[in-house]
Amino acid sequence: MNCKLSVNINKIATLRNARGHNLPNVITVAKDCEKFGAQGITVHPRPDERHIRYNDVLELAQIVTTEFNIEGYPSQSFIDLVLSVKPAQVTLVPDPPDAITSNAGWDTVKHASFLKDTVEIFNTAGIRTSIFVDADTRMIEHAPECKCKRIELYTENYANMFAINPAHAIAPYVTAAKKATELGLEINAGHDLNLTNLHYFYTTIPNLAEVSIGHALICDALYYGLQNTIQLYLKCLKTS
Ligand code: PXP
């Protein structure tokens, strides 16, 4: 199975916002990521717009030719934005508005009815919905109740443990992925994936459809350049 690389360009907006002008230009960077081989562009608009702004999302929707993925907490303003843009995919994340970055997956039991109602809105609009979850069998088992098509496995624990013991780090993700496939869910993954840990993740997790990578990829681009960096990440998503 071909696994797509979706580049999260929030860090580009963060850099731009530091100076108040339009450099780097997120539209140009998104186009370049696609030109250099990325198969998707991800953005995570937050209510305070400290990274990607709602207006960026509207502009990106006009130019992204690969898969556009909008992730975030489904507040009413987020839902309205996604419905107006109609991206290929929306990824629902349970992060509070002031979170530095996503720091947990959904509790699919506790938030079952909220997720079901929210996913239905996007399903009705023909937008594929993915929900961010920990590699926790119980959370995966209850994911189909909300009628999402995909889950995104939250990979921070894997990334943290990878340097110490890769086999141990990945074990819960293999179990989670098998369970998801058994339940008919497609699988994405993201958070703290990088050039060191991505290939092992990809070759060990069955049926990985997509990874979304931001922080490490943009950091690597400082040294290798964006084009080389994207090629290096794509190489990690090959079996040999
Ligand atoms: N997936 C989700 C749901 C996220 O919130 C983030 C961070 O915005 C990522 C993937 C990408 O994580 P990273 O920036 O560590 O690559």
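Everything quoted here is computed from the prediction, not taken from an experiment.

Engineer: So what about a nonpolar patch on the surface? Which residues, and what values?
Structural biologist: Together, L222, Y223, Y224 and L232 make up an exposed nonpolar region whose accessible area comes to about 510 Å². For the nonpolar patch, the leading source of residues is helix α10 (residues 215-224), giving three residues. As for its placement among the helices and strands, L232 is situated in helix α11 (residues 226-236).

Engineer: Please give an account of the pairing of strand β1 (residues 4-8) that cites residues and values.
Structural biologist: In terms of residue burial, β1 counts as a mostly covered element, since four of its five residues are buried. Where β1 meets strand β2 (residues 40-43), three bridges bridge the pair, whose relative direction is parallel. The residue of β2 that forms the bridge with S6 is G40.

Engineer: So, unusual backbone geometry: which residues are in play, and what are the values?
Structural biologist: A cis amide bond links L23 to the next residue, P24, at an omega of -5 degrees. Structurally, P24 can be placed in the loop between α1 (10-17) and α2 (26-35). Positive phi outside glycine occurs at E49, with the angle close to 55 degrees. If you trace the backbone, E49 turns up in the loop between β2 and α3 (54-63). Exposure remark for E49: the relative accessible area of 30% places this residue in the partly exposed category.

Engineer: Quick rundown of the packing of aromatic side chains? Include the residues and the values.
Structural biologist: Centre-to-centre distance and the angle between the planes together describe a pair of aromatic rings. Under the counting rule described, the total for this entry stands at nine aromatic pairs. Centre to centre, the rings of Y158 and Y173 are 6.0 Å apart; their planes meet at 70 degrees, and the pair counts as edge-to-face. One end of the pair, Y158, is in helix α7 (residues 156-162); the other, Y173, is in helix α8 (residues 166-182), with 15 residues separating them in the sequence. According to the relative accessible area criterion, Y173 is buried, its value standing at 3%.

Engineer: Account for the sheet that holds strand β4 (residues 89-92), naming residues and giving values.
Structural biologist: The sheet built from eight strands closes into a barrel, its strands ordered β1-β2-β3-β4-β5-β6-β7-β8 with parallel pairing. For this sheet, the mean angle separating the axes of adjacent strands, direction not counted, is 25 degrees. Where strand β7 (residues 186-190) and strand β8 (residues 208-213) come together, four bridges link them in parallel fashion. Within β8, the position partnered with G190 by the bridge is S212. Across the sheet, α3 touches β2 and β3 (67-72), and the angle it forms with β3 is around 160 degrees.

Engineer: I'd like a description of the site of the ligand, backed by residues and values.
Structural biologist: The ligand sits among 15 residues. The nearest are S102, E152, D192, G214 and H215. Between the ligand and G214 there is a distance of 2.8 Å, counted from an oxygen atom to a backbone nitrogen or oxygen. H215 is positioned such that a nitrogen or oxygen atom in its backbone is 2.9 Å from an oxygen atom of the ligand. Among the residues making up the shell around the ligand, the classes are represented as three nonpolar, nine polar and three charged.

Engineer: Explain the pairing of β2 to me, and be specific about the residues and the numbers.
Structural biologist: Residues G40 and T42 line one face of β2 and the alternating positions I41 and V43 line the opposite face, and both faces are buried. Judged from the four bridges that link them, β2 and β3 form a sheet pairing that is parallel. Residue pairing in the sheet places V43 in a bridge with I70 of β3. Handedness of the crossover joining β2 and β3 through α3 is recorded here as right-handed.

Engineer: Give a detailed account of α8, specifying residues and quantitative values.
Structural biologist: Here α8 spans 24 Å end to end across 17 residues, near enough to the 24 Å set by a 1.5 Å rise per residue. Taking the largest bend as the criterion, α8 deviates by roughly 25 degrees, centred on P172. Where α8 is concerned, the buried positions are A169, I170, Y173, V174, A176, A177, K179 and A180. Contact partners of the buried residues in α8: α6 (137-142), β6 (150-154), α7, β7 and α9 (198-204).

Each value, and the rule that gives it
Residues numbered from 1 in each chain as written. Predicted model: local features only at pLDDT ≥ 70, side-chain atom pairs only at ≥ 80, totals over all residues. Heavy atoms only, no water. Patch = residues over 30% accessible without salt bridge, like charges linked within 9 Å, V, L, I, M, F, W, Y side chains within 5 Å. Areas by Shrake-Rupley, 256 points an atom, 1.4 Å probe, with all protein chains shown as cover. Salt bridge = Lys/Arg side-chain N within 4 Å of Asp/Glu carboxyl O. Helix = DSSP H or I, 4+ residues; strand = E, 2+ residues; numbered from the N terminus. Buried < 20%, exposed > 50% of the residue type's maximum accessible area, 1.4 Å probe, protein only. Pairing = 2+ DSSP bridges. Phe/Tyr/Trp six-rings, centres within 6.5 Å; stacked < 30°, edge-to-face > 60°. Axes fitted to C-alpha atoms, helices over the stretch in contact; angles between N-to-C directions. Contact = heavy atoms within 4.5 Å. Near = heavy atom within 4 Å. Polar contact = N/O pair within 3.5 Å; in protein donor to acceptor, adjacent residues only side chain to side chain. Nonpolar A, V, L, I, M, F, W, Y, C, P; charged D, E, K, R; others polar. Right-handed = clockwise from strand over helix to strand, strands pointing away. Expected span 1.5 Å × (residues − 1). Bend = angle between axes of the 7 residues up to and from the residue.

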